[in-house]
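Inside the fold
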Amino acid sequence: MNLEKLLAALGDTRVKGRSIAAWSVYVGETRRTSVGTKDAETGSPHAPITLADSLTARYKLIWDDGLVSRGAMERRAIEREAGTVFATARDAAYDDPDAIDVPGPATFPDVATEDMEAFAIAEGRVDAFAPRLAAIRERVARHGIRTWSGSIQAAHGRSRVVTSAGLDVAGRGTSAGWSATLDGELGAGHSARRFEPIEDLERRLDRLVELVLALRAPATPRGPGVVPVILHPDVVEDYVLGVLLHNLDAVQVAHGTGAFRIEQFAAEPPVLRDDLTLRTDPLVPMAAGAYRFSQEGLPAKACAFIERGRLITPLVDLKYGRRLGLAPTSGPSAMDTLFLEGPPPISHDDALSFAVHGALVLSVLGVHTQDFTSGDFSLSAPQTLAIGPKGLAGRLRATISGNIFDLLRSPELKLVRFAGEHTPGLLVRCRLDP
């Protein structure tokens, strides 16, 4: 990436006598190769083989009168029109005294984020997709799956952060992953800095097929009530962790619009059960969420947000660190670097035995409509399996409801280990309405 014209424009820009006093720029460049499948047709016009390049810059400008401008630009502007973009940005400048900090030079950690096989695939070596497509197609044919859709992709990229305070840090990385949805019902996949071994993909597919086939048989009708419910890791990530991260966001904390108040952090009373911890570690080698520095140019580091049920720190960027008087934190950029921990998880089989006459919830709808502040929820769960004395016992179309904070404080809560999943499932008691 050539940033000479962009960096020169930062010093040359003048708008009605005003100049740029301080600035930070994040630039990311990516090449991605992907192939899609739509209704069992791979590489069709609706899901073609794609080779795409992108170059994006995100900037923060602090003008000499203290006003702030933020924005983004794509390749053409970066290479030819940066000065025009910066001058136009002055028209949208605003007063934000907490947003005037830009980081200077720092020591950055090392973490493995690049895989040469993924790099080669991103450059167009699409034959590497073949064994993964074959594994999916074989199971579709063998088990009578009616249709499937999905994608396989690999990418490589470079990033760089430059600031007026003397910071200039760059990094490289790759990504590789796949996803497949069977019968339009249920999906699975994996993403990291490199492809998972084909054997792991096959086992993941086999688990998915087992669940999809289990959803075909209806469960014996049952009435509503409060029952043991196992939340699949996908539900934990989509809803439970979504609620916690929303309320931990420093924006919510600073404005008093979330569930947590600033005075609760580092205070004694726990907000969750006192054996639960939520932390992030962006320095896990080859994880999808691994990185050396943030888009603001801050060094990546491990951080606990909740420890033994107590609030430790919000997710804080430079602006809200200044406003709240807190040190900025690293945030999770993917679920594989976010850790929900507690007592040792019970096995999947043990969870089924604890949840007899209950249900396994595989996915939920309507997460964005929930009240994340109060924690009250009522979620449609169309992919739910009844649990009987002999295990999974047919499909229920249900709604689950309760309060997520009450569940995360309950002595009945158990973490559940699911094969091949980073995030644990949760065994809870909540209302289920078939």
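Okay, so let's go over this structure. (Residues numbered from 1 in each chain as written. Predicted model: local features only at pLDDT ≥ 70, side-chain atom pairs only at ≥ 80, totals over all residues. Heavy atoms only, no water.)

Our focus in this paragraph is the overall build of the protein chain. Counting its regular elements, the protein chain contains 10 helices and 19 strands. In terms of overall dimensions, the protein chain is globule-like: its C-alpha atoms have a radius of gyration of 24 Å, near the 22 Å expected for 434 residues. When its C-alpha atoms are laid out on the principal axes, the protein chain stretches across 75 × 55 × 35 Å. Taking all 434 residues of the protein chain together, the buried fraction comes to 50%. Considering only contacts within the protein chain whose residues lie at least 6 apart along the sequence, 72% involve residues at least 24 apart. For the protein chain, the accessible area works out to roughly 19,400 Å², and carbon and sulfur atoms hold 51% of it. Looking at the protein chain, you have 48 positive and 54 negative side-chain charges, and the mean spots of the two groups are 2 Å apart. (Helix = DSSP H or I, 4+ residues; strand = E, 2+ residues; numbered from the N terminus. Rg over C-alpha atoms; globule rule 2.2 N^0.38 Å. Buried < 20%, exposed > 50% of the residue type's maximum accessible area, 1.4 Å probe, protein only. Contact = heavy atoms within 4.5 Å. Areas by Shrake-Rupley, 256 points an atom, 1.4 Å probe, with all protein chains shown as cover. Lys, Arg positive; Asp, Glu negative; His and termini not counted. Charge placed at Lys NZ, Arg CZ, Asp CG, Glu CD.)

What follows deals with the side chain of Thr329. Note that Thr329 resides in the loop between helix 8 (318-324) and strand 14 (338-341). The class of Thr329 is buried, set by a relative accessible area of 16%. If we ignore the near neighbours within four places in the chain, the residues touching Thr329 are Cys303, Phe305, Thr313, Pro314, Leu315 and Val316.

Below, the discussion takes up the pattern of salt bridges. This structure, assessed with the given rule, holds 31 salt bridges. In this structure, the salt-bridge partner of Glu123 is Arg31, at a minimum N-O distance of 3.3 Å. In this pair, Glu123 sits in the loop between helix 3 (116-122) and helix 4 (130-142) while Arg31 sits in strand 2 (residues 18-38), placing the two residues 92 residues apart along the sequence. For Glu123, a relative accessible area of 37% corresponds to the partly exposed category. (Salt bridge = Lys/Arg side-chain N within 4 Å of Asp/Glu carboxyl O.)

It is worth spelling out the packing of helix 4 against helix 5 (residues 198-214) at this point. Closest axis-to-axis distance for the helix 4/helix 5 pair is 10 Å, and the angle between their directions is 25°. As judged from the angle between their axes, helix 4 and helix 5 are roughly parallel. Our pair here, helix 4 against helix 5, has a crossing hand that is right-handed. Counting all contacts with helix 4, which are made through Pro131, Arg132, Ala135, Ile136 and Arg139, the residues of helix 5 involved are Ile198, Leu201, Glu202, Leu205, Asp206 and Val209. Looking at the contact of helix 4 with helix 5 residue by residue, the class counts come to 7 nonpolar, no polar and 4 charged. (Axes fitted to C-alpha atoms, helices over the stretch in contact; angles between N-to-C directions. Parallel < 35°, antiparallel > 145°, perpendicular 65-115°, else oblique. Left-handed = near helix turned anticlockwise from the far one by under 90°. Nonpolar A, V, L, I, M, F, W, Y, C, P; charged D, E, K, R; others polar.)

It is worth spelling out the sheet that holds strand 14 at this point. Across the sheet, 4 strands lie side by side as 13-12-11-14; this open sheet has antiparallel pairing. Pairing within the sheet leaves two strands with one partner each, and these edge strands are strand 13 (310-311) and strand 14. Here 3 bridges tie strand 11 (residues 277-280) to strand 12 (residues 303-307), and the two strands are oriented antiparallel to one another. Its bridge partner lying in strand 12, Leu278 is registered against Ile306. The strands touched by helix 6 (residues 233-248) within the sheet are strand 11, strand 12, strand 13 and strand 14, with strand 14 carrying the most contacts at an inclination of about 100°. (Pairing = 2+ DSSP bridges.)

The subject of this paragraph is the packing of helix 1 (residues 4-12) against helix 2 (residues 75-89). Remark: helix 1 packs on helix 2, axes separated minimally by 8 Å, with the N-to-C direction vectors making an angle of 20°. As summarised for this structure, helix 1 and helix 2 are arranged roughly parallel, according to the angle between their axes. The two elements helix 1 and helix 2 cross, and the hand of that crossing is right-handed. Across from Lys5, Leu6, Ala9 and Leu10 in helix 1, the residues of helix 2 making contact are Ile78, Glu79, Ala82, Gly83 and Phe86. Classifying every residue of the contact of helix 1 with helix 2 by side-chain character gives 6 nonpolar, 1 polar and 2 charged.

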